[in-house]
Amino acid sequence: PPAVSRAAPATAAAAPIITGTLVKVNVSLPEAAARAAATGADGVGLLRIEHLILGLGKTPSWYIEHGAEEEFITELYTGIKTVLDAFPGKPVWVRTLDAPTDEFRNMEGGEEEPIEHNPMLGWRGIRRDLESPDQFGLQVEAFKRLWAAGYDNLGVMFPMVNHPDEFTRARAIMKDLGVDVDNVTLGIMIEIPSSVVLIEDFIRAGIRFASFGTNDLIQYTLAIDRNNEHVAEMYQPEHPAVLRLIDYAISACRRHGVECSICGQAGSDPRMVTWLVEHGISSVSANIDAVRRIREAVARKEKQILLEAARRNA
Ligand code: PEP
Ligand code: MG
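A few points on the structure. Only a predicted model underlies this, so the values are computations on that prediction, with no experimental measurement involved.

### Quick notes on the overall build of the protein chain
Inference 1: Assigned secondary structure in the protein chain consists of 14 helices and 8 strands.
Inference 2: For the protein chain, whose C-alpha radius of gyration is 19 Å, the value lies close to the compact-globule estimate of 20 Å for 314 residues.
Inference 3: Structurally, the protein chain occupies a C-alpha span of about 70 × 45 × 35 Å along its principal axes.
Inference 4: Considering the protein chain as a whole, with its 314 residues, one finds that 43% of them fall into the buried category.
Inference 5: The long-range share in the protein chain, meaning contacts at least 24 apart out of those at least 6 apart in sequence, stands at 69%.

### Regarding the environment of Val27
Inference 1: Within the element layout of this structure, Val27 appears in strand β1 (residues 22-27).
Inference 2: Separated by 120 residues in the primary sequence, Val27 and Trp147 place their C-alpha atoms 20 Å from one another.
Inference 3: If near-sequence neighbours (up to four positions away) are discounted, Val27 is found in contact with Ala32, Ala33, Ala36, Val44, Leu47 and Val83.

### Remarks on the pairing of strand β8 (residues 283-286)
Inference 1: Of the two faces of β8, the one holding Ser283 and Ser285 and the one holding Val284 and Ala286 are both buried throughout.
Inference 2: Relative to β8, β1 runs parallel, the two sharing 4 bridges. The residue of β8 that forms the bridge with Val25 is Ala286.

### Some words on the site of ligand 1
Inference 1: The environment of ligand 1 is made up of Leu46, Arg48, Asp98, Glu191, Gly213, Thr214, Asn215, Asp216, Cys263 and Gly264.
Inference 2: Among the elements that take part in the shell around ligand 1, helix α11 (residues 214-222) stands out by supplying 3 residues, more than any other.
Inference 3: Among the residues making up the shell around ligand 1, the classes are represented as 2 nonpolar, 4 polar and 4 charged.

### Structural notes on the packing of α11 against helix α12 (residues 240-256)
Inference 1: Here α11 crosses α12 at 120°, and the two axes come no closer than 10 Å. Regarding the angle of α11 to α12, the classification is oblique. The way α11 lies across α12 gives a crossing that is right-handed. The residues of α12 that touch α11, namely those facing Leu217, Ile218 and Thr221, are Ala241, Val242 and Leu245.
Inference 2: Residues that form the contact of α11 with α12 fall into these classes: 5 nonpolar, 1 polar and no charged.

### What about the nonpolar core?
Inference 1: Core analysis: the biggest nonpolar cluster contains 83 residues, and Val44, Leu47, Ile188, Ala210 and Ala249 have the highest contact counts within it.
Inference 2: If you tally residues by element for this core, the top one is α12, at 8 residues.
Inference 3: Not counting chain neighbours up to four residues away, the residues in contact with Ala249 comprise Ile190, Val196, Ile199, Ala210 and Cys260.

### A short note on unusual backbone geometry
Inference 1: Phi angles above zero are rare outside glycine, and Met160 is one such case at about 60°.
Inference 2: Tracing the backbone shows Met160 in the loop between β4 (154-158) and α8 (164-176).
Inference 3: Residue classification places Met160 among the buried positions, given that 26 C-beta atoms sit within 10 Å.

### Digging into the sheet that holds β1
Inference 1: Read from one edge to the other, the open sheet built from 8 strands follows the order β7-β6-β5-β4-β3-β2-β1-β8, with strand pairing classed as parallel. For this open sheet the edge positions go to β7 (259-262) and β8, each flanked by a neighbour on one side alone. Looking at each pair of strands side by side, their axes are set apart by 30° on average, direction ignored.

### Regarding helix α13 (residues 270-278)
In an α-helix, one turn spans 3.6 residues, which is why side chains three or four residues apart end up on the same side.
Inference 1: When we look at burial in α13, the residues that qualify are Met272, Val273, Trp275, Leu276, Val277 and Glu278.
Inference 2: Close packing links the buried residues of α13 with β7, β8 and α14 (291-313).
Inference 3: Looking at the residues trailing α13, positive phi occurs at Gly280, about 95°.

### Concerning α8
Inference 1: Taking 1.5 Å of rise per residue, the 13 residues of α8 would be expected to cover 18 Å, and the 18 Å separating its terminal C-alpha atoms lies within 8% of that figure.
Inference 2: Residues Pro164, Glu166, Phe167, Ala170, Arg171 and Met174 constitute the buried set of α8. Here the buried residues of α8 occupy an arc of 160° about the axis, which is enough to place them on one side. What points out from α8, more than 90 degrees from its buried face, is the exposed set Ala172, Lys175 and Asp176.
Inference 3: The secondary structure elements touched by the buried residues of α8 are α6 (125-131), α7 (133-148), β4, β5 (185-190) and α10 (199-204).

Definitions and limits used
Residues numbered from 1 in each chain as written. Chains lettered and ligands numbered in written order. Predicted model: local features only at pLDDT ≥ 70, side-chain atom pairs only at ≥ 80, totals over all residues. Helix = DSSP H or I, 4+ residues; strand = E, 2+ residues; numbered from the N terminus. Rg over C-alpha atoms; globule rule 2.2 N^0.38 Å. Buried ≥ 20, exposed ≤ 12 C-beta atoms within 10 Å, placed from the backbone. Contact = placed C-beta atoms within 7 Å. Pairing = 2+ DSSP bridges. Near = placed C-beta within 6 Å. Nonpolar A, V, L, I, M, F, W, Y, C, P; charged D, E, K, R; others polar. Axes fitted to C-alpha atoms, helices over the stretch in contact; angles between N-to-C directions. Parallel < 35°, antiparallel > 145°, perpendicular 65-115°, else oblique. Left-handed = near helix turned anticlockwise from the far one by under 90°. Core = buried A, V, L, I, M, F, W, Y, C linked by C-beta atoms within 7 Å. Expected span 1.5 Å × (residues − 1). Arc of directions from axis to C-beta.

Structure below.
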């Protein structure tokens, strides 16, 4: 792959590191919470709920049609609570449901899922939730109960957003459902190039944080299917277009004091993380097994930045 550019953005020199880059961890199943917490990570930068929900064997709409909403909410509440309990006082960003329709197909209720040629580009993430507020509402109810129980370290992250209106509408639905939206942490995944282009508009719309979902950002920027072995060699996290998009979004977030993070696989790569720290990212979230080496890579880079700054000022 092409070498990572070492050129610092114009803003990097002007904004010295005040707090170090946080190193968080990704969690995909509540059962992994204890192992994730044992890494000493600074929080959870991505809690996926797909596996928890797919593991139930029934689609969210099945629960609604069968009047079993309470069962769904309880499962979700309990799963997320397990992770929150493992990270007391540390931020835990729960991502709203982001399973493509084909993953629901073989479940009870799956026959009602739309048949799509391109599920990865289809009815998933925030699109699904905005079109089916009843399904979104089940998730919001679980979040609401957790906030009411005092878990104010819970943040909610919306996947697959491509327009600030989607964030605004999701926030409005949450408000209608009784969430005190001004006092909870809501943010977005940056995984579609349009959300990079419009990052300032997202910031104006009130996001509290943004996190790069590089797994998707790479595939949508380069038009390379992330699951297609025939083009796997062209799937390049360090492609200059990807790096430039990331740099652009980090710079905007820094200018406006919005936390900027990464939770895609690239956040578990020390070389990429070194580049991200150099370019001013505020936190990174790595796989459980990668937290330690990512922490070392961050520390090495921060030490270098601080030494260079000290020498300049000496
Ligand atoms: C990503 O796209 O980088 C991401 C973290 O989400 P997922 O891999 O679940 O699509
Ligand atoms: Mg994604």
